[in-house]
Amino acid sequence: MKREVGVVMDPIGSISIKKDSTFAMMLAAQRRGWTLWYMEQGDLFLSDSVVSATMRPVAVRDDPLDWFTLGDSETRPLSAIDAVLMRKDPPFDMEYVYATYLLELARDAGCLVVNDPQTLRDANEKIFAAHFPQCCPPLTVTRSAALLRGFLESHGDIILKPLDGMGGRSIFRIGRGDPNTGVIIETLTANGTRFCMAQRYLPEIVDGDKRVLLVNGEPVEHVLARVPSGGDSRGNLAAGARAEVRPISERERWIAAQVGPELRRRGVLFAGLDVIGDWLTEINITSPTCIREIDRDCGTDIAGDLMNAVAEQLDGR
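For every chain, the first residue of its written sequence is number 1, and the numbers climb from 1 along that sequence. With the structure being a predicted model, the display of local features is reserved for residues of pLDDT at least 70 and the display and counting of side-chain atom pairs for 80 or more, all residues being used for whole-chain, interface and lining totals. For side-chain calculations, the full set of non-hydrogen atoms in the structure is used, while hydrogens and water are omitted.

Enquirer: Pulling in residues and values, what's your account of the side chain of N115?
Expert: Secondary-structure assignment places N115 in the loop between β8 (112-114) and α3 (117-122). Definition of a polar contact: a pair of N or O atoms within 3.5 Å, with one able to donate and the other able to accept a hydrogen when the atoms are protein atoms, and with sequence-neighbouring residues admitted only if both atoms are side-chain atoms. In this structure the side chain of N115 is engaged in a polar contact, spanning 2.7 Å, whose partner is the backbone nitrogen of L269. Among the polar contacts listed, one links the side chain of N115 to the backbone oxygen of I285, at a separation of 2.9 Å. Once you skip the residues sitting within four places of it in the chain, N115 turns out to touch L120, G267, V268, L269, F270 and I285. Each helix is a run of DSSP H or I of at least 4 residues and each strand a run of E of at least 2, with the numbering of both proceeding from the N terminus. Residue contacts follow a heavy-atom distance rule, with two residues in contact if any of their heavy atoms lie within 4.5 Å.

Enquirer: Break down the sheet that holds strand β11 (residues 172-175) for me, with residues and values.
Expert: The strands that make up a sheet pair up through hydrogen bonds in the backbone, lying either parallel or antiparallel. Strand pairing follows a simple DSSP-based rule, namely that at least 2 bridges must link the two strands. Read from one edge of the open sheet, 4 strands run β9-β12-β10-β11, paired in antiparallel fashion. Each having just a single partner strand, β9 (139-142) and β11 make up the two edges of the open sheet. Each strand of the sheet is rotated relative to its neighbour by a mean of 25°, with strand direction disregarded. Direction of pairing for strand β10 (residues 157-162) relative to strand β12 (residues 196-200): antiparallel, over a ladder of 5 bridges. Residue pairing in the sheet places I158 in a bridge with R200 of β12. Against the sheet, helix α4 (residues 145-155) engages β9, β10, β11 and β12, with an angle of about 145° to β10. Here an axis means a line fitted to C-alpha atoms, over the contact stretch when the element is a helix, while the angle between two N-to-C directions is reported on a 0 to 180 degree scale.

Enquirer: Give a description of the packing of aromatic side chains that names residues and reports values.
Expert: Each aromatic ring pair is described using two quantities: the centre-to-centre distance and the angle formed by the ring planes. Aromatic pairs are defined between Phe, Tyr and Trp rings, using the six-membered ring for Trp, whenever the two ring centres lie within 6.5 Å; interplanar angles under 30 degrees are classed as stacked, those over 60 as edge-to-face, and all others as tilted. Taken as a whole, this structure holds 4 aromatic pairs when the rule is applied. Relative to Y96, the ring of F92 has its centre 4.9 Å away and its plane inclined at 40°; by these criteria the two rings are tilted. The exposure class of F92 is partly exposed, given its relative accessible area of 30%. Taking 6.4 Å as the distance between ring centres and 35° as the angle between the ring planes, the aromatic pair formed by Y98 and Y101 counts as tilted. Taken together, the residues span about one helical turn, with Y98 and Y101 both in helix α2 (residues 94-108) at a distance of 3 residues. Using a 1.4 Å probe on the protein chains alone, a residue whose accessible area is under 20% of its type maximum counts as buried, one over 50% counts as exposed, and one in between counts as partly exposed.

Enquirer: Give me the environment of P261: which residues, what numbers.
Expert: Relative to the helices and strands, P261 is located in helix α6 (residues 250-265). For P261, a relative accessible area of 43% gives the class partly exposed. When the C-alpha atoms of P261 and R173 are compared, they prove to be 33 Å apart, with 88 residues separating the residues in sequence.

Laid out in structure tokens, this is it:
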């Protein structure tokens, strides 16, 4: 059955298609013969109790020199199309939250929103992992310098990170006795006015921060390990890490089995788990990446699997 799918994303002209998972999803939807509609966050609006958007039909091509063509803009209710992929990258700020309110109204009017807008608000990518303590390393979330110092004293070597960051920004590793401890805590907590997360440092990071992708709660058979560059403790491609595709391990499969059913219950069709060694460190649901790298190495079609899941959801209505 032919479907119409909208994509809320960052400006399409600025993406790098060789690594952009949203672009992979658009290619997969187009291969199915579905009509694609392009939107940015600011194109959404509410009028007379109806959520609509100024949207443009888009055709995409896997060509780094010429990857999209936009048609003329139209204003349509989101309920007039079958599904919307919410793929706006962080920052997760109040504008993002307001957009999820609008998408929630569109969902209630009959549009399938991927991922569910309420869960996008509820499941902070750092803190949500704490719902699965059996999978996580020791961690704390606090504004308190005293608690953070106590956590450091207990574990000796820790990672501090903001709750709203991405791409490895503002992630610090500190050890017991580090002379920069005070200024790092002051910076991350804004002098005790902002929450941050501390996790026990996992030396297994030298073998990579592994991204485990889940489609409708089921893990993909390969993971992408982001191996830090020399002298860095961040497994983020944006911070210079090296990408390496590997088969999923039994431990990673077990973690996915712990998390997957809850994600499925909350309407999350596409997620990315971050695993260091044997430990779950984050659950990414806003705009998880790594599709293109795994597909290129393994000949898989992860975005196609996701479109199958979208089609099943729509057919089941």
